[in-house]
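Residue-level listing of the chains:
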Amino acid sequence: MSWRHKFTLPATRQRIARYLLSAPDLARYTFKSRRVIWPPHPKSILIALNKSADAVIEEIDNQRFAYPIKCSLFEHDNISEIEWSVLLLEDRRFLVHAGVDFPRACLRVVRQLVTFRRVGGISTIEQQLVRTVLDDRRRTISRKIRESIVANAVSYRKRKFTILRTYLSIAYTGYRLTGIDAPSIMLFGKPAAQLQKDQADFIASLLVYPIPKKIVIPVHKVWASKAPPFGSTEEIFTLFEKIEPRWVERMRRRASYAARLRTYTVKPLYKIY
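Residues numbered from 1 in each chain as written. Predicted model: local features only at pLDDT ≥ 70, side-chain atom pairs only at ≥ 80, totals over all residues. Heavy atoms only, no water.

1. Topic: the overall build of the protein chain
Rules: A run of DSSP states H or I qualifies as a helix once it reaches four residues; a run of E qualifies as a strand once it reaches two. Both are numbered from the N-terminal end. Residue burial is assigned from relative accessible area. The probe radius is 1.4 Å, only protein chains are included, and a residue is buried under 20% of its type maximum, exposed over 50%, and partly exposed in between. Note on definitions: a residue-residue contact is assigned when non-hydrogen atoms from the two residues lie within 4.5 Å. Here the accessible surface of atoms and residues is derived via Shrake-Rupley with a 1.4 Å probe, and residues count as covered only by protein chains that are part of the display.
The secondary structure content of the protein chain amounts to 13 helices and four strands. Counting every position in the protein chain, which comprises 273 residues, the buried fraction comes to 40%. The contacts in the protein chain between residues at least 6 apart in sequence include a share of 71% that link residues at least 24 apart. A total accessible area of about 16700 Å² is found for the protein chain, and carbon and sulfur atoms account for 59% of it.

2. Thoughts on the nonpolar core
Stated formally: To define a nonpolar core, start from buried Ala, Val, Leu, Ile, Met, Phe, Trp, Tyr and Cys residues and group those joined through side-chain atoms within 4.5 Å.
Core analysis: the largest hydrophobic core is formed by 57 residues, its most contacted members being Ile82, Leu187, Phe202 and Ile211. Not counting the four nearest positions on each side in its chain, Leu187 is found in contact with Phe202, Ile211, Val219, Pro229, Phe230 and Ile236.

3. Overview of the confidence of the model for the protein chain
Filter applied, for reference: Across the chain, each position has a pLDDT score giving the predictor's confidence in that residue, from 0 to 100.
Taken residue by residue, the protein chain gives an average pLDDT of 80. The fraction at 70 or more is 79%. Counting contacts from residues 25–34, a segment whose pLDDT is below 50, to residues more than four positions away or on other chains yields 11 contacts.

4. Comments concerning the packing of aromatic side chains
Applicable threshold: Ring pairs shown here join Phe, Tyr and Trp side chains whose ring centres sit within 6.5 Å, with only the six-membered ring taken for Trp; geometry is labelled stacked below 30 degrees between planes, edge-to-face above 60, and tilted in between.
Enumeration according to the criterion identifies five aromatic pairs in this entry. On the basis of an interplanar angle of 85° and a centroid distance of 6.3 Å, the ring pair of Phe94 and Phe161 is categorised as edge-to-face. Highlighted residues: Phe94 in the loop between helix 4 (81–90) and helix 5 (102–115) and Phe161 in helix 8 (residues 160–170), separated in sequence by 67 residues. Aromatic side chains Phe202 and Trp247 sit 6.2 Å apart centroid to centroid with 90° between the ring planes, which places their arrangement in the edge-to-face category. Separated by 45 residues along the polypeptide, Phe202 in helix 10 (residues 197–205) and Trp247 in helix 13 (residues 245–263) bring together distant segments of the chain. Here Phe202 and Trp247 have matching classes, each one buried.

5. What about the side chain of Thr233?
Among the secondary structure elements, Thr233 is positioned in helix 12 (residues 233–240). Looking at Thr233, the relative accessible area reads 12%, which means it is buried. When neighbours within four sequence positions are excluded, Thr233 is seen to be in contact with Phe188, Asp198, Gln199 and Phe202.

6. Quick look at helix 12
Along an α-helix, residues three or four positions apart point the same way, because every turn accommodates 3.6 residues. The condition that has to hold: This arc is built from the directions going out from the helix axis to the C-beta atoms.
Burial in helix 12 covers these residues: Thr233, Ile236, Phe237 and Phe240. An end-on view of helix 12 places all buried positions within 95° of arc, on one side of the element.

7. A closer look at the pattern of salt bridges
Put simply, the rule reads: Here, a salt bridge means any side-chain nitrogen of Lys or Arg that lies within 4 Å of a carboxyl oxygen of Asp or Glu.
The full count for this structure, using the stated rule, is 14 salt bridges. Arg262 is the partner of Glu81 in a salt bridge, and the nearest nitrogen-oxygen pair spans 2.8 Å. Of this pair, Glu81 sits in helix 4 while Arg262 sits in helix 13, placing them 181 residues apart in sequence. A relative accessible area of 15% places Arg262 in the buried class. For Glu126, the salt bridge is made with Lys160, and the minimal N-O distance between the two is 2.7 Å. Residue Glu126 is located in helix 6 (residues 125–134), and its partner Lys160 is located in helix 8; the two are separated by 34 residues in the primary sequence. Each member of the pair, Glu126 as well as Lys160, is classed as buried. Three or more residues joined by partner-sharing salt bridges are found here, namely Glu81, Asp201, Arg262 and Lys267.

8. Some details on a nonpolar patch on the surface
Going by this rule: Every patch collects residues that have over 30% relative accessible area and no salt bridge, joining them within 9 Å if they carry like charges and within 5 Å if they are nonpolar side chains (Val, Leu, Ile, Met, Phe, Trp, Tyr).
A contiguous nonpolar surface patch, about 300 Å² in accessible area, is contributed by Leu95, Val96 and Tyr270. Inspection of the secondary structure assignment puts Leu95 in the loop between helix 4 and helix 5. Look at Leu95 and you get partly exposed, because its relative accessible area is 41%.

Structure (structure tokens):
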């Protein structure tokens, strides 16, 4: 038998479909009923990977050169507090690796095998950007391999902080909230580039624990009454501790962890553009 196994639907099922399905459905059915070749040809794999990389590059360009600017971080040349918080929490070797951090991923996998617990934090910023743009959340090895290859290609075609800022402008941060500017303005009344250290640690923690619906709706009601925004993260924890105690506990732990990381790290002061 050849290495390319061809599968086709029986002719009887195709005839039945012509009578039962409408024209649009029949077109989709006919397309899906074509011969499927497995394993796929290497050329088709390269074409699919190239299309995925082009989609990510196009999204980066759309966010970087959009007018008006979609994310406040693109207006600054220095590394902001929110960017430093994200790097400390999500990807501390962001400036070193080329889209895929193999040593960190291997250590995380070994830890998961030893502790029999699901360990997060394997994906890099580039991989998270690829996953967000392509909107592929499947828990499969093939998805992870494609994600790693595309992330590596994107890291060679775009600057590091352009990739980071693009991800922060399209990341999911809560119920009907996209990007880090949305929760920053909603909670603190200012864009993410102007946040202080504790506020930046709080917003950066939303990438792992987004704001639930039970908190977003009351905050919108507070804004409707023209009340002033929150001055500190402790006010948010105190106000919503009874509404979402589990979320508040996780956010407290995540923000305190970011504050501890800041004690023995120094934020770079050089210009990035």
